[in-house]
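Here is how the chains run, residue by residue.
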Amino acid sequence: MPLTEPVIHGEEVDAVASVVRGRWLTVSEQTAAFERECAEILGVPEAVLVTSGTAALHLAFLALGIGPGDEVIIPSLSFVAAASVVDLLGARPVFAEITSLRYPLVDLSDVRRRITPRTKAVVVMHYGGHPADVDGFRQLCAEAGLWLVEDAAHALFVESSGGYLGTFSDIGCFSFHASKNLTTGEGGLVVARPGALAQKVRQLRSHGMSPVADAGEPGYDVRYPGLNYRPTEMQAAMGRAQLARRHEDRRRRRAVVEKYLKGMDGCRLLIPFAEGWARGGLHLFVVVLDEQVDRGSFRRWLSARGVQTSVHYPPSHSFSYYRSRYRYREGDLPITESFGQRAVTLPLYAEITDGQVEQVIDAVRTALESNQCMREAGKS
Ligand SMILES: Cc1ncc(COP(=O)(O)O)c(C=O)c1O
């Protein structure tokens, strides 16, 4: 069974077909309506739909004016998109450590230690939709005069104390990639709280153009160079159809996670956030294997039993580009590295069947009981 699978019903097919038949394919009514609906749920004045989560992060850093000579602190345990964008803007991504294997969220005190006079922004990523310490980070950034960006790609419509994740910072970025809980195929959303910043993101999405009325004649001016990250109406229409089913999908995901927790109780593995699972994004189900377990053998065992797995994430600082460009070395972020070596993501999606869930549990239990998945004594 796959690691993840989008839930696509007749409503999505009809919504997309209706846009295609109508022949107005780019930013228009569907985009405006989807943006409005997302903003209403999130409780923010405005949301900007873009072509991907990476585009959302790119616009966020552009709008904040991140550029050459700047540093941006980013958790290494994340998808590499934020780091890539920062690097492409000529700034330096400075990788930060996570708190622990049990709470693989960016560590506030580690971030504090990495602040230099060149630091301009801090990125928090809500791993699996579990809230990073937003209050702590808000306070730190306010004291140090830094921008706070939330990479909320895993955390769409996740409530935390006092609001929704992605809305606690200067700019929140979401992804609607096909693997996410709500998908538009590819897609992303930016939520920027201060009005001027939100407006800048919107203008940067479309070549930096801003409308002007000149002698009564409407036209546009370009105040800064921008991009084309405009979504299609098909994406927006699909997103609206997905929105309507979000509570039902979340209930089902929660039921799956509960079955996993029960079924894997007593196994030689650590389940991050275990007691707080139901409050998170229910986006990924990740287990951290015991040090004695050989992860490659474990994943092959599951694969042979029809269970696809993945790793979220290989630490960003361990990729060859970042190692050679910024001289990162093994041991620089030991908790992140240990997590990156021992974590395995198991299938989780709303339409996984009870039988498939049992199949995963059975494969995990038998793998951990089998000598074939253990490291040879003395080998690390
Ligand atoms: C944590 C995180 N950040 C950023 C992204 C980038 O989003 P997208 O794939 O929509 O560009 C992803 C998506 O995979 C992600 O998981």
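Here the structure is a predicted model, which means the values were calculated and not measured.

S.K.: Is there a simple way to explain unusual backbone geometry in this structure?
M.R.: Apart from glycine, the bulk of residues carry a negative phi angle, and the bulk of peptide bonds sit in the trans form. Of the consecutive residues His 312 and Tyr 313, the connecting peptide bond is found in the cis state with omega at 10 degrees. On the secondary structure map, Tyr 313 appears in the loop between helix 10 (295–304) and helix 11 (320–326). Positive phi outside glycine occurs at Phe 273, with the angle close to 60 degrees. Among the secondary structure elements, Phe 273 is positioned in the loop between strand 12 (269–270) and strand 13 (285–289). Positive phi, close to 55 degrees, is recorded for Leu 282, a residue that is not glycine. Position of Leu 282 among the secondary structure elements: in the loop between strand 12 and strand 13.

S.K.: How should the sheet that holds strand 12 be read in this particular structure?
M.R.: Backbone hydrogen bonds are what pair the strands of a sheet, in a parallel or an antiparallel way. With respect to topology, three strands assemble into an open sheet ordered 12-13-14, the strand pairing being antiparallel. Each edge of the open sheet is held by one strand with a lone partner, namely strand 12 and strand 14 (343–346). Note: strand 13 against strand 14, four bridges, orientation antiparallel. Bridging across to strand 14, Val 288 finds its partner in Ala 343.

S.K.: Explanation requested: the site of the ligand in the structure shown.
M.R.: Taken together, 13 residues surround the ligand, and among them Ser 52, Gly 53, Thr 54, Ala 153 and Ser 175 come closest. Looking at side-chain class alone, the shell around the ligand contains four nonpolar, eight polar and one charged residues.

S.K.: I keep staring at the domain arrangement of the protein chain and nothing clicks. Help me out?
M.R.: Accessible area lost when the parts come together is the quantity often used to give the size of an interface. Partitioning the protein chain into domains gives domain 1 (10–243) and domain 2 (246–373). Look at where the C-alpha atoms of domain 1 and domain 2 centre, and you get two points 26 Å apart. At the interface, 27 residues of domain 1 touch 26 residues of domain 2. Of all the secondary structure elements, the ones that give two or more residues to the side of domain 1 that touches domain 2 are strand 3 (92–96) and helix 8 (233–243). The residue inventory of the side of domain 1 that touches domain 2, partitioned by class, reads 14 nonpolar, nine polar and four charged.

S.K.: Where do I start with the packing of helix 3 (residues 53–63) against helix 4 (residues 81–88) in this structure?
M.R.: How two helices sit against one another is set out by the angle between their axes and by the gap between those axes. Taken N-terminus to C-terminus, the directions of helix 3 and helix 4 make an angle of 40 degrees; their axes are 9 Å apart at the nearest point. Classed by the angle they form, the pair helix 3 and helix 4 counts as oblique. At the point where helix 3 passes helix 4, the crossing takes the right-handed sense. Contact residues: helix 3 offers Gly 53, Thr 54, Leu 57, His 58 and Phe 61, while helix 4 offers Ala 81, Ala 82, Val 85 and Val 86. A breakdown of the residues in the contact of helix 3 with helix 4 according to their chemical character gives six nonpolar, three polar and no charged.

S.K.: What's the story with the nonpolar core in this structure? I'm lost.
M.R.: For soluble globular proteins, the rule of thumb is that nonpolar side chains tend to be buried together. Ala 56, Leu 59, Ala 60, Val 122, Val 123, Leu 189 and Val 190 are the most contacted members of the largest nonpolar core, which totals 109 residues. In terms of residue count, helix 3 provides more of this core than any other element does, eight residues in total. Counting residues domain by domain, this core receives three or more from each of domain 1 (10–243) and domain 2 (246–373).

S.K.: Whenever I open this one, the environment of Glu 358 confuses me. Can you help?
M.R.: Mapping Glu 358 onto the fold places it in helix 13 (residues 354–369). For Glu 358, a count of 12 C-beta atoms within 10 Å translates into the label exposed. Sequence separation of Glu 358 and Val 256 is 102 residues, and the distance between their C-alpha atoms is 10.0 Å.

Quick notes on the rules
- Residues numbered from 1 in each chain as written.
- Predicted model: local features only at pLDDT ≥ 70, side-chain atom pairs only at ≥ 80, totals over all residues.
- Helix = DSSP H or I, 4+ residues; strand = E, 2+ residues; numbered from the N terminus.
- Pairing = 2+ DSSP bridges.
- Near = placed C-beta within 6 Å.
- Nonpolar A, V, L, I, M, F, W, Y, C, P; charged D, E, K, R; others polar.
- Domains from an automatic or database assignment.
- Contact = placed C-beta atoms within 7 Å.
- Axes fitted to C-alpha atoms, helices over the stretch in contact; angles between N-to-C directions.
- Parallel < 35°, antiparallel > 145°, perpendicular 65-115°, else oblique.
- Left-handed = near helix turned anticlockwise from the far one by under 90°.
- Core = buried A, V, L, I, M, F, W, Y, C linked by C-beta atoms within 7 Å.
- Buried ≥ 20, exposed ≤ 12 C-beta atoms within 10 Å, placed from the backbone.

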